[in-house]
Amino acid sequence: MTTLTLERPGAAAGPVAGPLVDRFGRVHTDLRVSVTDRCSLRCSYCMPEHGVPLAPASFLLDASEIVRLVGIATRLGVTQVRLTGGEPLLRADLVDIVAGIAGLPARPEVSLTTNGLGLARLAGPLAAAGLGRVNVSLDSVDRVHYAAITRRDRLDDVLAGLEAARAVGLDPIKLNAVLLRGVNEADAVPLLDFALARGYELRFIEQMPLDGGHTWRRAAMIGADEILARLGASHRLTPLDGRGAAPAARWLVDDGPGVVGVIAAVTRPFCGACERVRLTADGCMRNCLFARGESDLREALRDGATDAELADMFRACVAAKRAGHGIGEPGFAQPTRPMSAIGG
Ligand code: SAM
Ligand code: SF4
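Residues numbered from 1 in each chain as written. Chains lettered and ligands numbered in written order. Predicted model: local features only at pLDDT ≥ 70, side-chain atom pairs only at ≥ 80, totals over all residues. Heavy atoms only, no water.

The next thing to look at is the pattern of salt bridges. Using the criterion set out here, one finds 22 salt bridges in the structure. The partner of aspartate 30 in a salt bridge is arginine 32, with the nearest N and O atoms 3.1 Å apart. Accessibility classification places aspartate 30 together with arginine 32 in one group, the buried group. Among the salt bridges present, the one from arginine 151 reaches glutamate 49, with a minimum N-O distance of 4.0 Å. Of this pair, arginine 151 sits in the loop between helix 4 (143–150) and helix 5 (155–167) while glutamate 49 sits in the loop between strand 2 (30–34) and helix 1 (63–75), placing them 102 residues apart in sequence. Owing to a relative accessible area of 44%, glutamate 49 belongs among the partly exposed residues under this scheme. One salt-bridge network, held together by shared partners, links Asp282, Arg286, Glu294 and Arg337. (Salt bridge = Lys/Arg side-chain N within 4 Å of Asp/Glu carboxyl O. Buried < 20%, exposed > 50% of the residue type's maximum accessible area, 1.4 Å probe, protein only. Helix = DSSP H or I, 4+ residues; strand = E, 2+ residues; numbered from the N terminus.)

Shown next, in the form of structure tokens:
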């Protein structure tokens, strides 16, 4: 992996003011913050079963470092912050991180992407700290299929976490599902029925080349067309307008009110409207999931960089963003870091 040549700008650092705009005019308002690269599951499309390379614990940003960097981002125009990982609920200080971000002067909307393990216990404290919304990953409501994908028999914990999220008023609750051929493709309709019955918004994510094992093959992945055909066999789907910069295209199901989404990053890329940047748990800023380089904010921050210097590094990282992820183009290379280490 290359490190972007973003030197600390020193005395010439500009003001801590936005927007974070790239060469193509895309304004970045959405920051995904990975708070850990550790995880309680081992989803086959994300992490290898054994031998997961992890950052040294001393490299992981502490809560105050995360809140400081997010605070700078909000002064640069970031309005939405999504905490992710790895599994964010494994961070013992996650409630403090949420409270710190929610207490920033330019308070952003704070959301969480989680596998749901531990959410039954933490949903209340997180909501009280200022968490607004939650996305829970659930690839099957069939216990055997769930365990086959995640390599852990923990479906009941996820279901308990979902109930707790609803009970404390987190809204909306979205479900993320990845379909794998030969494993859970037949679970698409049962998952949708499960979500509709409970008022959750289900989104299918096309499997991307971000697995730790580097096993992704485009020919084997289940794309948006196939997902929609499967759902369409049992439900009437009506496309919804007004997607904006959202990754998910959405359909009204059986005339509503239920909605289903598909995040078709591979077969229907939406890079042209991207407004997302990412901060890894070890403090590196990435301008794309598939970025070839990253900017080491941790080193600068621990070396005494000022807010203005860090803001310049944010701006330079965004300015260097490529037009698209390039999956399928000649020369495309899967990032060295797996999804769990970047933050999904
Ligand atoms: N552990 C949390 C979870 O599973 O929700 C947060 C981190 S996880 C990396 C975030 C999202 O990325 C999950 O919804 C997961 O399904 C998705 N994901 C992971 N690897 C993926 C891949 N190779 N392709 C598509 N989505 C992936
Ligand atoms: Fe862990 Fe989330 Fe990756 Fe599954 S998708 S292994 S829960 S980080």
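Before going further, it helps to spend a moment on the site of ligand 1. As a matter of local geometry, ligand 1 sits amid 19 residues, with Tyr45, Gly86, Glu87, Ser137 and Met208 nearest to it. Here a nitrogen atom of ligand 1 and a backbone polar atom of glycine 86 are 3.0 Å apart. Between ligand 1 and glutamate 87 there is a distance of 3.1 Å, counted from a nitrogen atom to a side-chain nitrogen or oxygen. A class-by-class count of the residues in the shell around ligand 1 yields seven nonpolar, 10 polar and two charged. (Near = heavy atom within 4 Å. Polar contact = N/O pair within 3.5 Å; in protein donor to acceptor, adjacent residues only side chain to side chain. Nonpolar A, V, L, I, M, F, W, Y, C, P; charged D, E, K, R; others polar.)

This part takes up the site of ligand 2. Around ligand 2 sit Cys39, Leu41, Cys43, Tyr45, Cys46, Met47, Gly86 and Asn115, and those are all the residues in its vicinity. When its residues are assigned to classes, the shell around ligand 2 shows six nonpolar, two polar and no charged.

Attention shifts here to the pairing of strand 7 (residues 201–205). The buried count for strand 7 comes to five of five residues, which makes it a mostly enclosed element. Burial of strand 7 is two-sided: the residues Glu201, Arg203 and Ile205 facing one way and the residues Leu202 and Phe204 facing the other way are all buried. As paired strands, strand 6 (residues 173–177) and strand 7 are joined by four bridges and run parallel to one another. In the strand pairing of strand 7, leucine 175 is matched with leucine 202. Pairing analysis gives four bridges linking strand 7 to strand 10 (residues 259–263), with the strands arranged parallel. Bridging from a neighbouring strand, leucine 202 pairs with valine 260 of strand 10. (Pairing = 2+ DSSP bridges.)

This part is about the packing of helix 1 against helix 2 (residues 94–102). At a minimum axis distance of 9 Å, the contact between helix 1 and helix 2 shows a crossing angle of 30°. Classified by the angle between their axes, helix 1 and helix 2 sit roughly parallel to one another. Handedness of the crossing formed by helix 1 with helix 2: right-handed. Where helix 1 approaches helix 2, its residues Ala63, Ile66, Val67 and Val70 are matched on the opposing element by Ile97, Gly100 and Ile101. (Axes fitted to C-alpha atoms, helices over the stretch in contact; angles between N-to-C directions. Parallel < 35°, antiparallel > 145°, perpendicular 65-115°, else oblique. Left-handed = near helix turned anticlockwise from the far one by under 90°. Contact = heavy atoms within 4.5 Å.)

Right, let's talk about the packing of helix 3 (residues 119–129) against helix 5 for a bit. For the pair helix 3 and helix 5, interaxial distance at closest approach is 7 Å and the crossing angle is 20°. On the basis of their axis angle, the class for helix 3 and helix 5 is roughly parallel. Seen along the crossing, helix 3 lies across helix 5 with a hand that is right-handed. Facing Leu119, Ala120 and Ala123 of helix 3, the residues of helix 5 in contact are Ala160, Gly161, Ala164 and Ala165.

This paragraph deals with helix 2. Listing the buried residues of helix 2 in full gives Leu94, Ile97, Val98, Ile101 and Ala102. Along the axis of helix 2, the buried residues cluster in a sector spanning 125°; they form a single face. At its buried positions, helix 2 is contacted by helix 1, strand 3 (80–84), strand 4 (109–114) and helix 3. (Arc of directions from axis to C-beta.)

What follows concerns the environment of leucine 289. Looking at where leucine 289 falls in the secondary structure, it is placed in the loop between strand 12 (284–286) and strand 13 (293–296). Of the residues examined, leucine 289 reaches a relative accessible area of 10% and is grouped as buried. Beyond its immediate chain neighbours, meaning those up to four positions away, leucine 289 contacts Met208, Leu210, Arg278, Pro335, Met339, Ile342 and Gly343.

Residue position: aspartate 139 is located in the loop between strand 5 (133–137) and helix 4. Of the side chains bearing the opposite charge, arginine 151 lies closest to the buried aspartate 139, which forms no salt bridge; the N-O distance is 11 Å. Within the structure, the side chain of aspartate 139 is placed 2.6 Å from the side chain of tyrosine 45, a separation counted as a polar contact. Side-chain polar atoms of aspartate 139 contact the backbone nitrogen of valine 178, separated by 2.9 Å. Once residues lying within four places of it in the same chain are set aside, the contact partners of aspartate 139 are Tyr45, Ile149, Asn176, Ala177, Val178, Asn184, Asp187 and Leu191. (Lys, Arg positive; Asp, Glu negative; His and termini not counted.)

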